[in-house]
Amino acid sequence: MTELALSIAENVIKKLGSLAYQEICMSQDIASNLTKFQLTMSTIQAVLMDAEEKQVRNRALSVWLEQLKDVFYDAIDVLDEFECEDLRRKVVETYGNTSEQVLHSVSYSSFNPLGFRFKMGRRIKKIIERLEEIAKVRAQFYLNERLDDKSIWHREREMTHSFLRDSNVIGRADDKQKIVDLLIRPNDDNNAFVIAIVGIGGMGKTTLAQWVYNDERIARNFDTRIWVCVSDDFNILKLAKEILKCAGGRISENMTMDEVQVSLRNTLNEKNFFIVLDDVWNDDRSKWIDLKNLLIGGAKRSKIVVTTRIQEVALMMASGPIHNLKGLSEDDCLSLFLMWAFKDGDKQQYPTLIEIGKEIVTKSKGVPLAVKTLGGLLYSKFDDRDWIFVRDNEIWKLEQKENDILPALRLSYDQLPSSLKQCFAYCSLYPKDHIYFSDELIQSWMANGLLHKSNESPQELEDIGLQYVKELFSRSFFQELSDFGYCYIFKMHDLVHDLSLYVAQSDHCLVENTNNRKNYDKVRHVSILDHNLGANELTTFLHKLNNGARTIIFRNEDVDPININESFFKTCISRFKYLRLLDLRFLRFEVLPSSIGSLKHLRYLRLRRNKQIKKLPNSICDMQNLETLILDGCGGLEELPRDIRKMISLRYLWITTKQSRLLENGIECLYSLRTMIFYKCLKLESLPEGIQCLTSLRRLEFTSCESLKSLPRGLKHLIELESLIIFDCGKLNLMEGEDYPTSLRSLRIGSLPQLVALPQWLIRFGNTLQVLIIHFFENLEALPDWFPYLISLRKLVIWACPKLSSLPERMDCLTSLKELEIGYCLQLRRNCKRDVGKDWPKIAHVPLLKIV
């Protein structure tokens, strides 16, 4: 199937509506062509939702979508030329002409208004002609116009019911006991008590709810038990009728809402009812309140259990605890697998197959439906070759029936807005068990234009990206999310990763073996994991890729870096003119060629831990689209390019340099910077005076800058600065004074030998500071008495402070504190021991405690 055509079409339309194309070199001819282009795109977009659904049953439609997608990608490249030209002109107006190297490598028409108009006019006409030619055949597919992006597929899940045999449940006894105990407790008020069960698709939420529903203690405690499969249609009248029917009331097809609510209230009046609302997707709070109001009137012990995949839905509906359902143990997975793979009594005859089965169930990562899918694939198959085939292949490559694990997980994907579908698919470029950092992922999304922002919106792109991360976490695509203030760290379940590989397979590719015979003609985003490559093999592989590639990531290991040569760069730069992201982490080379400046579409460049490179060509400063430049660990880098101020789009800069002082009129002129990190700048003593001009800066970090003596002056003028990190800067003295940020939300400080107490200026952030990380302070003996005035603190981490023995009084006043982590503080750990430590009463109110 062809995925993501609609999402890419929306990117094209968004670019067409951008103000940039109304301001740059706009001749009447180009303007009319852009208008025609926009009309053609809108006409095609209207049928894409229907096309993406129907392609499941029509191979020709899938091919048609693939052709459209190729044109959409080319259209984005053409439209981005306007942005490139706009940025180039701004730099020329401010600083003069760009570097001679790049001027000689790009045609004169790019820098001549008439030539630019002529060239762009021709390219736009060609795009329109290709679109119109492809669009001609759409009539044969009988596509309907659909404009609602809420849910494209509406693929009904099979209706659930309340019946369950106890013998079919394995490994959920503890979960059942916890929920039953909550359900038989009295309520605190007259409203129905609501408990939510949350987990990814296939985790067994419905099974657990069925088991609870049929428990004899539930049957004894409630007058009426009601089971409703809600699915994605949260229609109040329909649900109210279903509840009324299950409660024994009379219903008719023509009943009005008022008639239903009167009958429902009379039927449930003074009864202790127990309702299961299974498989809820609705995130509209007003609809939930409307339904809940209809249920007011039952007896005080009434309870409701909701099952959902979406954390936000659970938070919205649950008045009681949220039960996050975890995976089964390996032993339980094996028991369930054998139950589905063998007939009763057969398994004892096949000990070899059972041993293979133990390896197979590790693929499930504890998800019961995945276990059933794998077991079902092997039912009545006793040839060990069949079992080895399943063991050695990814789940997403195995045959799937309608109710198996990938179709179940796909329901969650189908419910995503189209913008989030592209972002989720992009996650397939990372290997399984990868630890994601939100800032890195968001920069990658940003580089590829996946973050949607209207021209009028004041919202930062980074904040939109963070919303996307939170939304994907809420919908169970991400898990184990931790907030470190300056970024989130999280993981993806292996089965969800399989889903990302499945939906992204035509556009994105995670390559573990470059010698396979896969066709890479359609791949636009590639991540190379093959660690057995040399420079020549890498160059050879590049020739297999589509010239329109947008992302190239080399995931090499630091322990075995590859030395790459001039041929590699020549191929990379000459073939991939439309690259948006180039990640060369742990690759070794001494010279970055000046031709790198011709990659004018590049938004993200990473040269992490290249210890050989000594200098960057000044032509890199002609990459005016570059938003992210990562040079961390480039320990041999002697200086930053002299014209770095021309990189006017730069938002994220991570620096390692041998300079003791940075040149004036350099980084302090990068007014678009949001994040600036100095890492292992071992000789750096001070920063330029003009840093206070970076008023958009939101994160500032100094790590292992052992010669740094003072922070830059004027920090109080950085009004947007939210996150400050200072670690392992031995000579730095955090003096008292007024010249510090005014509204920090997160602070991480540590390994500062001159600091024996927390600086007094921290108290200024009492109303803003939410995350504080204090670690590796050998001489810190006590937290200050004013510490409880940090009333906005949500997370506190105290790590490796051996002399710190107690917490200040009135810590219980920190009512916003939700997470406290104490590690490798022997005396403090002893005093904070649960129930018995003398400091335990100070922290007993904190919901999430981790003391090691």
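Residues numbered from 1 in each chain as written. Predicted model: local features only at pLDDT ≥ 70, side-chain atom pairs only at ≥ 80, totals over all residues. Heavy atoms only, no water.

## Observations regarding the overall build of the protein chain
Link 1 in the chain: Counting its regular elements, the protein chain contains 26 helices and 25 strands.
Link 2 in the chain: For a compact globule of 852 residues, the expected C-alpha radius of gyration is about 29 Å, and the protein chain comes in at 30 Å, within 12% of that figure.
Link 3 in the chain: Taken along the three principal axes of its C-alpha coordinates, the protein chain extends 85 × 75 × 65 Å.
Link 4 in the chain: Within the protein chain, residue pairs in contact and separated by at least 24 positions form 68% of the contacts whose partners lie at least 6 positions apart.
Link 5 in the chain: As presented, the protein chain carries roughly 36,800 Å² of accessible surface, and 47% of it is formed by carbon and sulfur atoms.
Link 6 in the chain: Averaging the positions of the 115 positive and the 114 negative side-chain charges in the protein chain gives two centres separated by 1 Å. (Helix = DSSP H or I, 4+ residues; strand = E, 2+ residues; numbered from the N terminus. Rg over C-alpha atoms; globule rule 2.2 N^0.38 Å. Contact = heavy atoms within 4.5 Å. Areas by Shrake-Rupley, 256 points an atom, 1.4 Å probe, with all protein chains shown as cover. Lys, Arg positive; Asp, Glu negative; His and termini not counted. Charge placed at Lys NZ, Arg CZ, Asp CG, Glu CD.)

## Considering the sheet that holds strand β5 (residues 322-324)
Link 1 in the chain: Taking strand neighbours across the sheet as the criterion, the five strands line up as β2-β3-β4-β1-β5 in an open arrangement whose pairing is parallel. Across the chains shown, the open sheet's two edge strands, defined by having one partner strand only, are β2 (224-231) and β5. With strand direction ignored, the average angle separating the axes of adjacent strands in the sheet is 15 degrees.
Link 2 in the chain: Taken together, the seven bridges between β2 and strand β3 (residues 273-280) define a ladder with parallel strand orientation. Opposite Val 228, over in β3, you have Leu 277 as the bridge partner. (Pairing = 2+ DSSP bridges. Axes fitted to C-alpha atoms, helices over the stretch in contact; angles between N-to-C directions.)

## Side note on the sheet that holds strand β6 (residues 436-437)
As a general point, the strands of a sheet are linked pairwise by backbone hydrogen bonds and lie either parallel or antiparallel.
Link 1 in the chain: With antiparallel pairing, three strands are arranged side by side in an open sheet as β6-β8-β7. Both outer strands of the open sheet, β6 and β7 (479-483), are each paired with one neighbouring strand and no more.
Link 2 in the chain: Of the strand pairs in this sheet, β7 and strand β8 (residues 488-491) are connected by three bridges, and their pairing is antiparallel. Bridge pairing in β8 places Ser 482 opposite Ile 489.

## Some words on the environment of Val 797
Link 1 in the chain: Within the element layout of this structure, Val 797 appears in strand β23 (residues 795-799).
Link 2 in the chain: On the accessibility criterion, Val 797 (7% relative accessible area) is buried.
Link 3 in the chain: Ignoring anything within four residues of it in the chain, the contact list for Val 797 reads Leu 772, Ile 773, Ile 774 and Glu 821. (Buried < 20%, exposed > 50% of the residue type's maximum accessible area, 1.4 Å probe, protein only.)

## Observations concerning the UniProt feature "domain: Disease resistance protein winged helix" (unreviewed entry) in the protein chain
Link 1 in the chain: Residues annotated in UniProt with the feature "domain: Disease resistance protein winged helix" (unreviewed entry) correspond here to residues 429-499.
Link 2 in the chain: Between the C-alpha atoms that bound residues 429-499 there is a distance of 12 Å. The span itself is 42% helix and 15% strand. (UniProt positions renumbered as here; feature names shortened; annotations may be inferred.)

## Things to note about the packing of aromatic side chains
Link 1 in the chain: Tallied over the full model, the rule gives 28 aromatic pairs.
Link 2 in the chain: Seen in terms of ring centroids, Phe 82 and Phe 116 are 5.8 Å apart; in terms of plane orientation they differ by 85 degrees. Their pairing is edge-to-face. Here Phe 116 lies in helix α6 (residues 113-135) and Phe 82 lies in helix α4 (residues 59-95), a separation of 34 residues in the sequence. One exposure class covers both Phe 82 and Phe 116, and it is buried.
Link 3 in the chain: When the ring of Tyr 213 is compared with that of Phe 274, the centres are 6.1 Å apart and the planes differ by 40 degrees; the resulting orientation is tilted. Residue Tyr 213 is located in helix α8 (residues 205-213), and its partner Phe 274 is located in strand β3; the two are separated by 61 residues in the primary sequence. (Phe/Tyr/Trp six-rings, centres within 6.5 Å; stacked < 30°, edge-to-face > 60°.)

## Regarding the confidence of the model for the protein chain
Caution is warranted with low-pLDDT regions, since their predicted coordinates should not be read in detail.
Link 1 in the chain: Residues at a pLDDT of 70 or more form 95% of the protein chain, whose mean pLDDT is 89.
Link 2 in the chain: In this model residues 100-110 is a low-confidence stretch, pLDDT under 50, and it forms 17 contacts with partners more than four residues away in sequence or in other chains. (pLDDT = per-residue confidence, 0-100.)

## Details of helix α19 (residues 418-426)
Link 1 in the chain: The buried fraction of α19 is high, at nine of nine residues.
Link 2 in the chain: Of the residues making up α19, those classed as buried are Ser 418, Ser 419, Leu 420, Lys 421, Gln 422, Cys 423, Phe 424, Ala 425 and Tyr 426.

## Focus on unusual backbone geometry
Link 1 in the chain: Backbone geometry places Lys 365, a non-glycine residue, at a positive phi of 50 degrees.
Link 2 in the chain: You can see Lys 365 is positioned in the loop between α15 (351-360) and α16 (368-377).
Link 3 in the chain: Given a relative accessible area of 40%, Lys 365 falls into the partly exposed group.
Link 4 in the chain: You will see that Arg 810, though not glycine, has its phi angle at about 65 degrees, which is positive.

## Side note on the state of the cysteines
Link 1 in the chain: Inspection of the entire model under this criterion finds zero disulfides.
Link 2 in the chain: Not part of a disulfide, Cys 681 finds its nearest cysteine sulfur in Cys 705, a span of 4.6 Å.
Link 3 in the chain: Residue Cys 681 is classed as buried on the basis of its relative accessible area of 0%. (Disulfide = S-S within 2.5 Å.)

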